[in-house]
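Summary of the model geometry
The residues making up each chain are set out below.
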Amino acid sequence: MNKIRKDIAVIAISGGMDSCVTAAIANENYQLAFAHINYGQRTEKRELKAFNDLADFFRVKERLVIDYTHLSKIGCSSLTDMNISVTKADLSNKRSLPAGRQVPTSYVPFRNANILSACVSWAEVLNAKAVFIGAVFEDSSGYPDCRPEFFSAFEKIVELGTKPETKIKIETPVIHLSKAEIIKKGIELNAPLHLTWSCYQNEDVACGVCDSCALRLRGFQKAGVEDSIPYKKKPSYL
């Protein structure tokens, strides 16, 4: 009996926890193609390793790594400009909410639009039906390009800017989940969270105090699960 061939989906894989769980969700219904962007970030090598580890785990054959050197040249982000310090997390400030939003220094200007553009270009070539990205809005750093309405608008741009026969959906399956809910979903789907990397500033041992580390740690702490990656500091964020 012939197997039914699954539709292809391109997954934007940063190497972090959210994109890992997003891949696990997409894996239930799609044949996966993994895309990764190097953009001169502080932890570029470590994130690339995580990307390849995740691709190996999911047995992904179609892999694309793109170097976006222009984002580091543009700068204005603590992730790409070594003259800007990575600020410590302040989780008491609900920056992910529209009211009183403060955009942190780690925001890379319009990064998700750049990532999605590359993924959509590749998806059109592969005749893929969807592009998945692990953006989180409810329990996140508060980046403006992580808002649900941004992705809805981008999907309309894809429809206008691709061939008439091209039909690509922009999927954001974890966008309204908390970090704890993402972790629980990952465990449910046997996602390899131990292979992921979230720290904004270290490549060997996670700092535990940057925004990304803090959000990740708080998620694990709320989920009642131990995070297996190494940390220099492991504060309680409950």
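In this report, the structure presented in the accompanying data block is examined. (Residues numbered from 1 in each chain as written. Predicted model: local features only at pLDDT ≥ 70, side-chain atom pairs only at ≥ 80, totals over all residues. Heavy atoms only, no water.)

**A closer look at empty space enclosed by the protein**
Quick note on the threshold: A 1.4 Å probe that fits into a set of points on a 1 Å grid over the protein atoms alone but cannot get out defines a cavity; an open set with protein on both sides within 12 Å along at least five of seven lines defines a pocket, and lining residues are those with an atom within 4 Å of a point. Grid points are joined across faces, edges and corners, and a volume is the space filled by probe spheres set on the points. Helical segments are the DSSP runs of H or I of at least four residues, strand segments are the runs of E of at least two, and each set is numbered from the N terminus. Lys, Arg, Asp and Glu make up the charged group, whereas Ala, Val, Leu, Ile, Met, Phe, Trp, Tyr, Cys and Pro make up the nonpolar group; the residues left over, Gly among them, are polar.
Counted by the stated rule, this structure contains two cavities of 30 Å³ or more. Here the largest cavity is characterised by a volume of approximately 710 Å³. Lining of the largest cavity is provided by 33 residues; of these, Ser14, Asp18, Arg111, Gly134 and Tyr200 occupy positions nearest its centre. Put simply, the parts of the chain that give the lining of the largest cavity at least two residues each are α1 (17–26), β2 (31–38), α4 (111–126) and α7 (211–223). Of the pockets and cavities examined, the second largest cavity occupies roughly 30 Å³. Tyr39, Gln41, Arg42, Thr43, Glu47, Leu79 and Tyr200 together form the lining of the second largest cavity. Residues that form the lining of the second largest cavity fall into these classes: three nonpolar, two polar and two charged.

**Overview of the layout of surface pockets**
If you add up the space inside the largest pocket, you get close to 280 Å³. Surrounding the largest pocket, 12 residues form its lining, Lys6, Asn27, Tyr30, Gln31 and Leu32 being those nearest its centre. Of the residues belonging to the lining of the largest pocket, the class tally is five nonpolar, two polar and five charged.

**Some points on the environment of Pro235**
We count it as follows: To sort residues, take the accessible area from a 1.4 Å probe on protein chains only and compare it with the maximum for the residue type: under 20% means buried, over 50% means exposed, and anything in between is partly exposed. Any two residues whose heavy atoms approach within 4.5 Å are treated as being in contact.
When you line up the elements, Pro235 lands in the segment after α7. For Pro235, a relative accessible area of 26% puts it in the partly exposed group. The spacing of Pro235 and Ala214 is 21 residues in sequence and 8.2 Å in space, taken between C-alpha atoms. Excluding anything up to four places from it in sequence, Pro235 contacts Gly208, Val209, Leu217 and Gln221.

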